[in-house]
Amino acid sequence: MREAEVRRLLAANLLCALAIVLATLGPAFLLDGFSVLGTHLTWLCVCSVCVATLNIILHLVLKPNQSPKRRSFGHKISRFLKCCIYFFMSCILFHAIIVLYGAPLIELVTETFLFAVLLSTFTTLQCLCLLGPNIQAWIRVFSKNGAMSIWESSLQITSVCSILGAWFGAFPIPLDWDRPWQVWPISCSLGATFGYMAGLIIAPLWIHWNRKQLTYKSR
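Quick caveat, the model's predicted, so the values are computed rather than measured.

Chemist: Could you give an account of the overall build of the protein, naming the residues involved and the relevant values?
Modeler: Secondary structure assignment for the protein yields eight helices and zero strands. Along the chain direction, N to C, the helices and strands of the protein fall in the order α-α-α-α-α-α-α-α. Against the compact-globule benchmark of 17 Å for 219 residues, the protein has a radius of gyration of 18 Å, which places it among compact chains. Principal axes of the C-alpha set define a box for the protein whose edges measure 55 × 40 × 35 Å. Counting over 219 residues, the protein shows a buried share of 42%. In the protein, 72% of the contacts between residues at least 6 apart in sequence involve partners at least 24 apart. Accessible surface for the protein amounts to roughly 12900 Å². Of this, 69% is attributable to carbon and sulfur atoms. Taken together, the 17 basic and 8 acidic charged side chains of the protein have centroids lying 26 Å from each other.

And the structure:
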């Protein structure tokens, strides 16, 4: 395992974490009254767009999983459209799962859907950037010992941390503390965000620490 590749991964992950920080602090200088709690829906939109844009740019620049085969322009367009459809389906699926776990079915639909978009940005979008619209590759990566590169290992860690963060974030909601961050879905979206940022930091550190034990199968 090359140290340079681990450093590239660390730099890319730190940039993604920085994008979240900028999405949290930056709009306050442009939008009156902006705050994560007070204008949470706006923050969800800004955060999702910033993270998604940076992930796509990093994928195009770093090309961590580039195929040696040359693809036609028509194939690239078809792949892009499939990615868009998969991302939208992921948002719908996350929305349904969140409702099944207790979110309001009819009320606060916008809040729930934007939270689903945020989760899809932290998980599905990364899969699409790294693996493309290939469900079999997704299943392989998230199976035991399925990662074939440090980028796929990082994908595993950040996705799991995001989901766990969202799940843990739901715990304070029913408590009778009457805090503004207990309003749906603030604690869940903040939990997912902190989980994602934790995964971004943990992944390269864990890979570096276990670099001698990690052996990736050839494709």
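Chemist: Lay out the environment of Ile 57 in plain terms, naming residues and giving numbers.
Modeler: Mapped onto the secondary structure, Ile 57 falls in helix H2 (residues 40-62). By relative accessible area, which is 43% here, Ile 57 ends up partly exposed.

Chemist: Could you give an account of the pattern of salt bridges, with specific residues and numbers?
Modeler: The final tally for this structure, using the stated rule, is two salt bridges. The closest approach of N and O atoms between Arg 8 and Glu 5, which form a salt bridge, is 2.9 Å. With a gap of three residues between them, Arg 8 and Glu 5 both fall in helix H1 (residues 3-25), about one helical turn apart. The partly exposed category is assigned to Arg 8, whose relative accessible area is 31%. The salt bridge involving Glu 152 is made with Arg 140; its shortest N-O contact spans 3.0 Å. Within this pair, whereas Glu 152 is found in helix H7 (residues 150-169), its partner Arg 140 is found in helix H6 (residues 135-141), the two being separated by twelve residues in sequence.

Chemist: Would you mind going over unusual backbone geometry in detail, with residue names and values included?
Modeler: For the bond running from Trp 184 to Pro 185, omega is 0°, close enough to zero to count as cis. Positioned with a positive phi, Leu 108 is a non-glycine residue whose angle comes to about 55°. Relative to the helices and strands, Leu 108 resides in the loop between helix H3 (73-100) and helix H4 (109-122). Assessed through its relative accessible area of 35%, Leu 108 is described here as partly exposed.

Chemist: An account of the packing of H1 against H2 is needed here, citing residue identities and associated values.
Modeler: Direction vectors running N to C along H1 and H2 enclose 155°, while the axes themselves pass 9 Å from each other. Classified by the angle their axes make, H1 and H2 are roughly antiparallel. The element H1 and its partner H2 pack so that their crossing is right-handed. Two secondary-structure elements touch here, H1 through Arg 8, Ala 12, Leu 15, Cys 16, Ala 19, Ile 20, Ala 23 and Thr 24 and H2 through Trp 43, Val 46, Cys 47, Cys 50, Val 51, Leu 54, Asn 55, Leu 58 and Leu 62. Of the residues contributing to the contact of H1 with H2, the split by class is 14 nonpolar, two polar and one charged.

Definitions and limits used
- Residues numbered from 1 in each chain as written.
- Predicted model: local features only at pLDDT ≥ 70, side-chain atom pairs only at ≥ 80, totals over all residues.
- Heavy atoms only, no water.
- Helix = DSSP H or I, 4+ residues; strand = E, 2+ residues; numbered from the N terminus.
- Rg over C-alpha atoms; globule rule 2.2 N^0.38 Å.
- Buried < 20%, exposed > 50% of the residue type's maximum accessible area, 1.4 Å probe, protein only.
- Contact = heavy atoms within 4.5 Å.
- Areas by Shrake-Rupley, 256 points an atom, 1.4 Å probe, with all protein chains shown as cover.
- Lys, Arg positive; Asp, Glu negative; His and termini not counted.
- Charge placed at Lys NZ, Arg CZ, Asp CG, Glu CD.
- Salt bridge = Lys/Arg side-chain N within 4 Å of Asp/Glu carboxyl O.
- Axes fitted to C-alpha atoms, helices over the stretch in contact; angles between N-to-C directions.
- Parallel < 35°, antiparallel > 145°, perpendicular 65-115°, else oblique.
- Left-handed = near helix turned anticlockwise from the far one by under 90°.
- Nonpolar A, V, L, I, M, F, W, Y, C, P; charged D, E, K, R; others polar.

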